[in-house]
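Here is what each chain is made of, one letter per residue.
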Amino acid sequence: MTSGRAQDVKACCSAAYGGAAARYLLGESFHPGGTDLTLTLVRELALGPGDLLVDVASGRGTSALLAARETGCDVIGVDLAPENVAEATAAAATAGLRGEVRFVVGDAERLPLDDGRADAALCECSLCLFPDAAAAVAEIARALRPGGLLALSDVVIAPGGIGPEMRDVAGWVACLANARPIEDVVGMLQEAGLDPRRVERHDRAIGETVDRVEARLRLARALGAAVPAEVRDGARRGLELVAAARRALADGTLGYGVVVARRR
Amino acid sequence: MASTERARKADRDEVFLELTRSICPVCKRVIDAEVNIRDGRVVMRKRCREHGSFEALVYSDADLYMSQIRFNKPGTLPLEFQTQVRDGCPLDCGLCPDHKQHACLGLIEVNSACNLDCPVCFADSGHHADGFSLTREQVARMLDAFIAAEGDPEVIQFSGGEPSIHPQIVEFLQMAVDRGIRNVMLNTNGIRLARDRRFVDELARLGILVYLQFDGFDDATHRAIRGRDLRELKERALASCADAGLAVTLVAAVERGVNEHEVGAVVRHGVAHPAVRAVVFQPVTHAGRHIAFDPLDRLTNADVMRLLAAQLPEWLEVRDFVPVPCCFPTCRSMCYGFVDEGTLVPFARLVDVEDYLDYATNRVLPDLEVRHALEGMFSASATPGAEAALLSCESCGIAPPDGLADFAGRVFMIVVQDFQDAYTLNVRQLMKCCVEQITPDGRLIPFCAYNSVGYRERVRASLSGAEVEPVVPNALPIQDLLAPTRHGSRTVRARPGDGAPRGPR
C-alpha cells in the first residue's frame, strides 16, 4: 500500500536528517504561494490596530506574525500541535509581539473564542486536513462578528475529482486525499453564513510547491550514499508522483483556491 | 481665458525613481543623473553642460529591479579606510570613509601585457611595448594593504593583462596563500593552462581557483570577443585542470548580437565538465576596448537571466536567481543548484532564500544562523565551496555531515554580474561596491570606478611611465567625438581650445 510506504519514507527522512534539517527540507515551512500570497490574504482582511484576527491552524506562526507586523492587529493563533504552538510562541517573543500575538493549542472545530469575538479569520492550506471541514467552517463563522471577513486558501480539485494516477499521489499527500472542488468550499461557507466576495484560483502557487517538493526529493537522491537506501527509493517513487502532479496541474484537475467571505 | 479651446496637460512617459550622481562619459565631470522607468525598463539620463545629454539602459526589467531593492544588506565597515573624503564620490577612491561596504573581493592586476589582443578588453591589454609589470615588493605591499583593511580577507584575484605570463606569478600566488587569504584566484585566458602542465600542477599544489574566460562555442564568438579561435585551447586547459583537480569557474563576456544565444550551452558544458564548479556571465563592460554599442540597447542582468531561462527551460526560471545583498542588489544575481542525474536543481526551490535576505521589509523574522549562512553563499566573495556554510549550518543542516564531501562536488553556481561603465555609473551602487581594485600605493578602488572614472588610466601611467589617454566608451551616439588610442580603446578627438581632461587624483 502506498500510504504504508509514505509512512516509512517519513520515518526514514526524519531519522536521516534529524529534527532541524527536516524542518527546512521536508517540513511545513512553506505553503503554496508563500509569504506573498499570505500578504495578499492579509490585505483582503482590511485589518487595523486593535482588531482581532484568528489564525486557524497557525503552524509555526509565520502568517500570524506577518499579519500583526503588517497591520498592527492582535492575533490569536490556534494549532493542534503543541510543538508548533511552542515554536510560534517563541517566535512571537523574538519578534517583540508577545503582547499582540498569542498561540494556543486547540482544535479548529472548537475555537477558544466567544461568539462574534474575532474581526477576521485566516485559514491557509488546512481546510482539507480537518477531519470535519464543515464543522470547522461553522466554528469560524461562530467566532466571527457579523461583517467580519474570512480569507481561506486551500488545495482544490476539479469537480469531477482526481484521475486514477493522482489517487496514488493522494495516498502520499494527506491534503490531496480530502481536497474538494472550489465550488464545494464556497457552498460550505454559504451554508455556515459566510458569503463569498472573492473566489480565485492561484494554480501557479501550487506549481511552485511541486517544484519545491521535486527539488527536495532530488536532493535526497543526489545525496547518494549519505541517506539510507529506503529514502533514496522513496525519493525515486516520489519523483514519479511529482510528474503525475504536474500533469494534473496542467490539465486543471489540481489547483489552489482562494476564497474571501463575509460573515452575514 | 479668451480661448475656448483649452490646452490639455499630458502625462510624462516615465516614472521618476531617483536623482543621483554620475559622470559625463566624455569629460568624466561629475554630474547629476536621473533614473526613470520608461516602457518597463530602467533608464539613466544625465546632462553635461559641455557635452550634452546622455541616456543609458540600467536594467531591462523594471519590475525585477524594484523587487530586488529589498535585498540590501547593511554594509560592514572595513578595519581601515585608505583615503579621506575631499571631492565626494566618485573622486575620492578609495576606500573613503563614505563607502558603505568592505571589500568582499580584492583584485590585483600584475601586468598590462597579454598574449592575446582581444577586441573586447576593459583593461586595454595586449602586445604593447608601453606597459607595466609589478614587482614582488609592489605585490607584497598590495596584499598587506588588503589585509590591513580586511583583517581576514575572503578572496584575492590575480588578473592583468594576462597574469599567467608574468614571470613571477607563481611566487605572487604563493605570497597570497602564505598570508592566509582564504581563496586565491587566477583570472586567465587559459593559454598557459593548455600548454604548460607543470604550471597547472603548481596551481593545484597551491589550491588556486581558476577563473577561466570562456565566452561560447561558435568560431564567430571567439573571433568577435577574443580575436581568434581559442576553442581547442580552452578544452585542453579544462582537461588539464580536471586532471590536476583544480576547480574552475567559467567566465563568459556576453555581448548583444554576438553570443547571447550561447549562454545556456555554456552552463550545460560547465555542469557536465568535471573541473567546472561555476559559471559567471558578465554583460561586456563598456570600458577600455570594446565593440561599438548602443547605450540604450545594452545587455543587462535581466536580459542574461531571461536568456538563461529561455535556453535552459527544463532547469531554470528567472525566479531561481537571488539578488546578491552584500553589494547593491541589482549589480549581481546568483543561482545555486545541485546536479542530480545530469539535471541542475536550483537551490532557491529548497529554501525560501528571499525570506532570509529581504532586509528592507523584514516581513519574516529569519533564523539568523540560516541568514548568515545564506549571506556567505549569496555574496560577491562566494567561490566554489561557499555552500558549505549552509550545508553544515546547524539550524538547517541540509545535508548530513557524512554526505558533504561527496555532495559538495555536485553543487554548481551561476552568477550574473553587470559592471557599470561611464554611461551607467551611479554613485548609489558604487558606494556599496564590494569588488575592489588594489593599487600599488595601497588604495582599494571600487572596480567600476576604476574602469570608468579615470583611475585606471592614471594608475597605468604612473606604473608604466608612459602617457595614457583618458578612455571614453565606444558608444554609437558619440562616434563623431572619438578617436582611437594606441591600445585600441577610444579617447576624445583633440579639438582646439579644449581644456585638460578631468578626473580623479
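Since the structure is predicted, the reported quantities are computational estimates derived from the model, not experimental observations. (Residues numbered from 1 in each chain as written. Chains lettered and ligands numbered in written order. Predicted model: local features only at pLDDT ≥ 70, side-chain atom pairs only at ≥ 80, totals over all residues. Heavy atoms only, no water.)

A. Inspection of the side chain of Asn36 of chain B at higher detail. Residue and element names in this part refer to chain B. If you trace the backbone, Asn36 turns up in strand S2 (residues 30-38). Reaching out from Asn36, the side chain makes a polar contact with the side chain of Glu34 at a distance of 3.0 Å. For Asn36, the contacting residues outside a window of four places in its chain are Glu14, Val15, Phe16, Leu17, Arg41, Val42, Val43 and Arg45. (Helix = DSSP H or I, 4+ residues; strand = E, 2+ residues; numbered from the N terminus. Polar contact = N/O pair within 3.5 Å; in protein donor to acceptor, adjacent residues only side chain to side chain. Contact = heavy atoms within 4.5 Å.)

B. Spotlight on the sheet that holds strand S6 (residues 194-201) of chain A. Residues and elements named next belong to chain A. Pairing within the open sheet is mixed, and its 7 strands lie in the order S3-S2-S1-S4-S5-S7-S6. Single-partner strands in this sheet number two, and they are strand S3 (101-105) and S6. Ignoring which end each strand starts from, the neighbouring axes of this sheet average 15° apart. As paired strands, strand S1 (residues 52-56) and strand S2 (residues 74-79) are joined by 5 bridges and run parallel to one another. Directly across from Val54, in S2, lies its bridge partner Ile76. The strands touched by helix H3 (residues 62-71) within the sheet are S1, S2, S3 and strand S4 (118-124), with S3 carrying the most contacts at an inclination of about 155°. Here helix H8 (residues 182-191) sits on the sheet in contact with strand S5 (144-157), S6 and strand S7 (254-263), set at roughly 165° to S6. (Pairing = 2+ DSSP bridges. Axes fitted to C-alpha atoms, helices over the stretch in contact; angles between N-to-C directions.)

C. Local environment of the pairing of S2 of chain A. All names here are of chain A. Summarising burial for S2: 5 of the 6 residues are buried, a large majority. Summarising the sheet, S2 and S3 pair through 5 bridges and their orientation is parallel. Bridging from a neighbouring strand, Val78 pairs with Val104 of S3. For the segment spanning S2, helix H4 (residues 82-94) and S3, crossover handedness is right-handed. (Buried < 20%, exposed > 50% of the residue type's maximum accessible area, 1.4 Å probe, protein only. Right-handed = clockwise from strand over helix to strand, strands pointing away.)

D. Representation of the packing of helix H3 (residues 169-178) of chain B against helix H5 (residues 197-206) of chain B. Residues and elements named next belong to chain B. Where H3 meets H5, the axes come as close as 10 Å, and the angle between the chain directions of the two elements is 5°. Taken together, the axes of H3 and H5 lie roughly parallel to each other. Of the residues in H5, those in contact with Ile169, Val170, Leu173, Gln174 and Val177 of H3 are Phe199, Glu202, Leu203, Arg205 and Leu206. Residues of the contact of H3 with H5, tallied by class, amount to 7 nonpolar, 1 polar and 2 charged. (Parallel < 35°, antiparallel > 145°, perpendicular 65-115°, else oblique. Nonpolar A, V, L, I, M, F, W, Y, C, P; charged D, E, K, R; others polar.)

E. Representation of unusual backbone geometry. Note that the residue after Cys89 of chain B, namely Pro90 of chain B, is joined by a cis bond; omega there is 10°. Within the secondary structure, Pro90 of chain B is located in the loop between helix H1 (62-68) and strand S5 (105-109). Phi is positive for Cys125 of chain A, close to 50°, though the residue is something other than glycine. Of note, Cys125 of chain A is situated in the loop between S4 and helix H5 (133-143). Here the phi dihedral of Glu341 of chain B falls at roughly 50°; this positive angle occurs in a residue that is not glycine.

F. Highlighting the nonpolar core. In this structure, Ile156, Phe158, Phe281, Leu308 and Ile414 of chain B are the most contacted members of the largest nonpolar core, which totals 83 residues. Residues contacting Ile156 of chain B, with those up to four places away along its chain left out, are Gly106, Ile108, Leu143, Phe146, Ala176, Ile181, Asn183, Val184, Met185 and Ile438 of chain B. If you look at the next biggest cluster of nonpolar residues, it comprises 59 residues, including Leu219 and Leu223 of chain A together with Leu430 and Ile445 of chain B. (Core = buried A, V, L, I, M, F, W, Y, C linked by side-chain atoms within 4.5 Å.)

G. Up close: empty space enclosed by the protein. Residue and element names in this part refer to chain B. Inspection of every chain in the model, using the stated rule, returns 10 cavities of 30 Å³ or more. In this structure, the largest cavity encloses a volume near 690 Å³. Lining the largest cavity are 45 residues; nearest its centre among them are Phe122, Asn187, Tyr211, Val251 and Gln282. Of all the elements in the fold, those that place two or more residues in the lining of the largest cavity are S5, strand S6 (155-159), strand S7 (183-188), strand S8 (209-213), strand S9 (248-254), strand S10 (276-283) and strand S14 (411-417). No other element matches S9, which puts 4 residues into the lining of the largest cavity. Each residue belonging to the lining of the largest cavity can be placed in one class, and the counts come to 26 nonpolar, 13 polar and 6 charged. Of the volumes computed, that of the second largest cavity is approximately 120 Å³. Around the second largest cavity sit 16 residues that line it, and Cys327, Cys331, Gln417, Cys433 and Cys448 are the ones nearest its centre. Grouping the amino acids of the lining of the second largest cavity by side-chain chemistry returns 10 nonpolar, 3 polar and 3 charged. (1 Å grid on protein atoms, 1.4 Å probe; cavity = no way out; pocket = protein on both sides within 12 Å on 5 of 7 lines; lining within 4 Å. Points joined across faces, edges and corners; volume = space filled by probe spheres on them.)

H. Looking closely at the packing of aromatic side chains. Residues and elements named next belong to chain B. Here the structure, examined in full by the defined rule, presents 6 aromatic pairs over all chains. Their ring planes at 85° and their centres at 5.2 Å tell us that Phe122 and Phe447 sit as a pair that is edge-to-face. Highlighted residues: Phe122 in the loop between S5 and helix H2 (136-150) and Phe447 in helix H15 (residues 447-452), separated in sequence by 325 residues. Over the ring of Phe199 we find Arg192, and its NZ or CZ is 4.0 Å from the ring centre. Taking NZ or CZ as reference, Arg268 lies 5.4 Å from the ring centre of Trp315, over its face. (Phe/Tyr/Trp six-rings, centres within 6.5 Å; stacked < 30°, edge-to-face > 60°. Lys NZ or Arg CZ within 6 Å of the ring centre and 35° of its normal.)

I. Layout of the sheet that holds S2 of chain B. All names here are of chain B. On the basis of which strands lie adjacent, the open sheet formed by 4 strands has the order S1-S2-S3-S4 and antiparallel pairing. Taken across any chain shown, the strands that pair with only one partner, and hence form the sheet edges, are strand S1 (15-23) and strand S4 (52-59). Averaged over all pairs of adjacent strands, the angle between their axes in this sheet comes to 25°, without regard to strand direction. The pairing of S1 with S2 spans 8 bridges and is classified as antiparallel. Note on S2: the bridge partner recorded for Ile23 is Val30.

J. Structural view of the environment of Phe158 of chain B. With respect to the helices, strands and loops of the structure, Phe158 of chain B is situated in strand S6. Separated by 26 residues in sequence, Phe158 of chain B and Val184 of chain B have C-alpha atoms that sit 7.8 Å apart.

K. Molecular detail of H4 of chain A. Residues and elements named next belong to chain A. Between the first and last C-alpha of H4 there are 18 Å, a value that for 13 residues agrees with the 18 Å anticipated at 1.5 Å per step. Looking only at H4, the buried set comprises Asn84, Val85, Ala88 and Ala92. Down the axis of H4, the smallest arc covering the buried residues is 95°, so these residues share one side. Turned more than 90 degrees away from the buried face of H4, the exposed residues are Glu83 and Thr94. The inward-facing, buried residues of H4 contact H3, S2 and S3. (Expected span 1.5 Å × (residues − 1). Arc of directions from axis to C-beta.)

L. Main features of the pattern of salt bridges. Residue and element names in this part refer to chain B. Throughout the structure, instances matching the rule amount to 48 salt bridges over all chains. Its salt-bridge partner being Glu232, residue Arg236 comes within 3.3 Å of it at the nearest N-O pair. Highlighted residues: Arg236 and Glu232, both in helix H7 (residues 231-244), separated by 4 residues, approximately one helical turn. Residues Arg486 and Glu469 are paired through a salt bridge, measuring 3.9 Å at the closest nitrogen-oxygen approach. (Salt bridge = Lys/Arg side-chain N within 4 Å of Asp/Glu carboxyl O.)

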